[in-house]
Structures are given as structure tokens and as C-alpha cells.
Amino acid sequence: MSRARNIGRLGIRAEDGRRSSVWKVWISDSVYKGERTSDVYLAVRELAAHAKISLHGSGQCQFSFVSNRPPVRFLGEPVPPTRHIMRWTCRRRADAALAARIIIPSSELRPLPKITKPVTWYPAPPPGEYAEFLVWFTTGERDPATQPLAAIGQQLVVSAALIGERLLVLYRVRPEKPEHTVGIRDGRQQVKAALDGRLPADDPTLRGFTWFREPQDDGSHVFVEIAFDNNSPGGTDILT
């Protein structure tokens with residue numbers, strides 16, 4: 001029987017109150033093929049009932065709908081044939097493996113409603129840069145947390161014991177890359193076209209993300225958060 005552990009809620013917030021969505025992290029210990037293992041989940045708090053990122057102890061990772069029937073709030077085209085939107089493999093129980101990255105550009109922060117539940121907020125990046133949460137699995141032999149994180153511009157956000165390994169989430173700020181700008185622009189244009197008057201396009205609470213893979217980062221998958229209101233200054237599939 002699985003046992004869930006809530007690790008926390010993370011977000012980016014500027015001094016003027018503009019913020020990102022709140023990202024929830026939790027762990028479920030279970031048995032896979034007769035072996036005890038730990039599965040890690042990440043989701044935008046408001047979307048957790050509909051879709052989540054799953055990093056399984058088997059090494060299978062996926063971004064999926066919770067239900068086999070995609071919710072009407074999925075605005076990407078075409079709608080995927082199964083609930084699994086994207087799948088990839090992570091080298092779990094290797095010395096150290098980077099499984100996923102969440103990027104939040106400074107341009108996508110908005111004055112969103114206040115959150116009543118506890119959230120650990122991290123500082124917003126300056127204009128032209130992005131904040132990033134990096135999700136690592138390590139056995140401790142090459143633990144990224146043992147490095148001088150300040151020297152490489154990273155901060156330890158989460159350190160949680162798993163079965164046979166450890167979950168680490170690191171925070172850092174980096175200059176925006178051209179592919180991020182293009183992905184945000186294309187994703188925003190597509191979702192505005194898909195809305196087609198069904199939802200108010202000037203609503204600052206409309207949030208979503210696009211994604212891509214960066215092979216140089218050991219096959220990790222990157223999720224970029226996007227805002228869709230008319231204040232947006234400017235990929236391919238969107239959740240709102």
C-alpha cells in the first residue's frame with residue numbers, strides 16, 4: 001500500500017507581490033515488481049487534480065493527466081490519444097541523475113491571488129533572466145548538495161530521503177535562452193488562438209506551461225511556466 005508524504009509548496013515571488021504558480025512536491029512509497037521504491041510527483045497546485053509530473057522509482061517518468069479522459073481545460077491541439085502526454089526515462093539510483101527542470105521567467109510573474117496555505121517563496125529573477133528548480137536523484141556518492149552551491153549559483157530547496165536514494169531540489173537563476181523566448185511566444189500565441197473567446201484572455205490568473213528536452217542535461221525534461229493575459233510581452237501544448 002502506498003504512503004504519501006507531502007514535501008512542500010514552492011514558488012517564485014517578487015518584492016512587488018508578483019508571483020509564479022505554486023508548485024507542489026510529494027512522495028509516495030510503494031512496491032514495484034516486488035521491490036520497495038519511492039515515486040516523486042510535481043504539479044501546479046491548482047492543476048494537481050488534473051495533471052502532474054510523475055518521476056517513478058522504476059526510472060519511468062511521465063507528464064500525464066490524472067484521468068484517462070482529458071479535462072476540458074486542456075487547450076493543446078491535438079489532444080493526446082492517452083492520458084500520458086509525454087514519457088521519458090531517468091537513471092534512478094545512479095550516482096546522480098537530473099530528472100526534470102522547472103523554469104519560471106521573470107516576464108511571466110503576475111499579481112495572482114494570495115495563497116492561504118504555507119508556501120516557500122524564492123526570490124524573483126531580474127528582467128531577462130529566469131528562476132529554475134532542478135530535480136535531482138542521488139545515491140550520495142556524487143551528491144550535488146555536497147558541492148559549494150553558492151559558488152555555482154545554486155541553493156538547496158528540498159532534501160528528502162527516498163528508498164535507496166535521496167531527492168534534491170535546487171534553485172538557481174540564469175539568463176534567458178533564445179529557445180525559452182521562442183517557446184513562450186509560440187505557446188502563448190497558440191493558447192490565445194485556442195481560447196477563441198471562451199475564456200477572458202486578459203485574466204492574469206490564466207497559467208500554463210510548455211515543455212521541451214535538453215539532451216545536454218542527461219535527457220532531463222524542461223517545463224517552462226507561461227502567463228496568458230494581455231500584459232504578456234510576447235511550446236506547443238498548454239494547460240491552464
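Residues numbered from 1 in each chain as written. Predicted model: local features only at pLDDT ≥ 70, side-chain atom pairs only at ≥ 80, totals over all residues. Heavy atoms only, no water.

**Q** I'm lost on the pattern of salt bridges in this one. Help?
**A** Where charged atoms from two side chains of opposite charge come close, those side chains can pair. All chains considered together, the criterion is met by 4 salt bridges. Linking Arg 5 and Asp 29 is a salt bridge whose minimum nitrogen-to-oxygen distance equals 3.3 Å. Here Asp 29 lies in strand S2 (residues 23-32) and Arg 5 lies in strand S1 (residues 3-13), a separation of 24 residues in the sequence. A residue is classified by how much of its surface remains accessible, and Arg 5, at 24% relative accessible area, is partly exposed. When its relative accessible area of 8% is taken as the criterion, Asp 29 is described as buried. Residues participating in the shared-partner salt-bridge network are Arg 101, Glu 132 and Arg 172. (Salt bridge = Lys/Arg side-chain N within 4 Å of Asp/Glu carboxyl O. Helix = DSSP H or I, 4+ residues; strand = E, 2+ residues; numbered from the N terminus. Buried < 20%, exposed > 50% of the residue type's maximum accessible area, 1.4 Å probe, protein only.)

**Q** Explanation requested: the side chain of Asp 29 in the structure shown.
**A** Separated by 3.3 Å, the side chains of Asp 29 and Arg 5 make a polar contact. Within the structure, Asp 29 has its side chain in polar contact with the side chain of Ser 38 (distance 2.8 Å). (Polar contact = N/O pair within 3.5 Å; in protein donor to acceptor, adjacent residues only side chain to side chain.)

**Q** Would you mind showing me how to read the environment of Ser 28 here?
**A** Checked against the element boundaries, Ser 28 lands in strand S2. Taking relative accessible area as the criterion, Ser 28 reaches 9% and is therefore assigned buried. Through-space distance from the C-alpha of Ser 28 to that of Val 40 is 6.5 Å; in sequence the pair is 12 residues apart.

**Q** Help me understand the confidence of the model for the protein chain in this model?
**A** Low pLDDT marks stretches whose predicted atomic positions should not be read closely. This prediction gives the protein chain a mean pLDDT of 75; 66% of its residues lie at or above 70. Per-element averaging of pLDDT across the protein chain places strand S12 (residues 207-213) at the bottom with 59 and strand S8 (residues 120-123) at the top with 94. When the criterion is pLDDT under 50, residues 232-240 qualifies, and its contacts beyond four places in sequence or with other chains add up to 48 contacts. (pLDDT = per-residue confidence, 0-100. Contact = heavy atoms within 4.5 Å.)

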